[in-house]
Amino acid sequence: MTRPVIGVSGGAQLINDSYRVQAAGERNVSAVAKAAGGLPLIIPGMPCSVTVQEVLSAIDGLFLTGARPNVHPTRYGHDPSPAHEPYDEGRDDITLPLIRAAIEIGMPVFGVCRGIQEINVALGGTLHPEIRDLPGKMNHRMPPGETNHEIIFRKRHNVTLTPGGWFARTLGTEEIVTNSLHGQACVDAGRGVLVEGVAEDGVIEAISVPEARGLVIGVQWHAEYEAEADPVSARLFAAFGEAARTWRRARAA
């Protein structure tokens, strides 16, 4: 096998209001396979069926997908509310310790949307369940009732990147436009988390963990959408894929 195995976080979904599945969006799987050059392996959010160590032994990189359920507030010291449901505690039980374990051994980690939030929470950071409720913050959610993906994932937020940071160096610019769509967002950065990109209203849009042994990055936008065609997404996934290949080679040596 020449391609690095990339673990893709899955989550609980209900099909036809009755049939429970563990799934990840096809765009996530495609982005990992084509833009990052990896072999995607969906990780179920089922701690009764998989363990962190088993997953770590099977993958060369960890990709954390977006999802509708919020990270459960108790994971970052806040009280839950029915207004901010749904939650997916099974996914929390797998991804949060998996992120910490992957970072500890130097395995590359890349999170989008919910994924950036999971990285931050795993490292002790906090979130706000509805960022638009805070003074001065915009509504970052998708247009209500919209089903056309071209409209849903249209680029609508400017993101300013930290000069000289990993994102600015990798992308060759300090200003990008993204398709950021979310209600929940990072507030207080976790241990070792460096904020590298913010929206016009100051909402955190990009993070890294510079002191980690391997590449650890997170973006609040949906980089998996048209990951090969979009120049920003293509560079992010290419960098992640190369980090996973480097990890695979080092582990095999």
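To be clear, the structure that these remarks concern was listed above.
Thresholds, definitions, all that
Residues numbered from 1 in each chain as written. Predicted model: local features only at pLDDT ≥ 70, side-chain atom pairs only at ≥ 80, totals over all residues. Heavy atoms only, no water. Salt bridge = Lys/Arg side-chain N within 4 Å of Asp/Glu carboxyl O. Helix = DSSP H or I, 4+ residues; strand = E, 2+ residues; numbered from the N terminus. Buried < 20%, exposed > 50% of the residue type's maximum accessible area, 1.4 Å probe, protein only. Phe/Tyr/Trp six-rings, centres within 6.5 Å; stacked < 30°, edge-to-face > 60°.

Asks: Would you explain the pattern of salt bridges in this entry?
Replies: Pairs may arise between side chains of opposite charge once their charged atoms sit close together. Per the stated rule, a full pass over the model turns up 11 salt bridges. Two residues, Asp60 and Arg251, come together in a salt bridge whose shortest N-O distance is 2.6 Å. Of this pair, Asp60 sits in the loop between helix H2 (52–58) and strand S5 (61–64) while Arg251 sits in helix H7 (residues 231–252), placing them 191 residues apart in sequence. By relative accessible area, Arg251 is classed as partly exposed at 38%. A salt bridge links Asp92 to Arg75, with the nearest nitrogen and oxygen atoms 3.9 Å apart. With Asp92 in helix H3 (residues 89–105) and Arg75 in the loop between S5 and H3, the pair connects residues that are 17 residues apart, well separated along the chain. Overall, Asp92 belongs to the buried group, its relative accessible area being 0%. Each of Arg75, Glu89, Arg91, Asp92, Asp93, Arg114 and Glu118 takes part in salt bridges that share partners, so that together they form one network.

Asks: How should the packing of aromatic side chains be read in this particular structure?
Replies: Two descriptors summarise a pair of aromatic rings, namely the distance from one centre to the other and the angle between the planes of the rings. One pass over the structure, following the stated rule, counts 7 aromatic pairs. Ring geometry for Phe63 against Phe110: centres 5.5 Å apart, planes inclined by 65°, an arrangement best described as edge-to-face. Here Phe110 lies in strand S6 (residues 109–112) and Phe63 lies in strand S5, a separation of 47 residues in the sequence. Side by side, Phe63 and Phe110 carry an identical accessibility label, which is buried. Ring geometry for Phe63 against Phe240: centres 6.4 Å apart, planes inclined by 45°, an arrangement best described as tilted. Taken as a pair, Phe63 in strand S5 and Phe240 in helix H7 lie far apart in primary sequence, 177 residues in all. Accessibility classification places Phe63 together with Phe240 in one group, the buried group. Ring-pair connections join several aromatic residues into one group, and the members of that group are Phe63, Phe110, Phe237 and Phe240.

In short, the description is geometric, and any link to function would need to be established separately.
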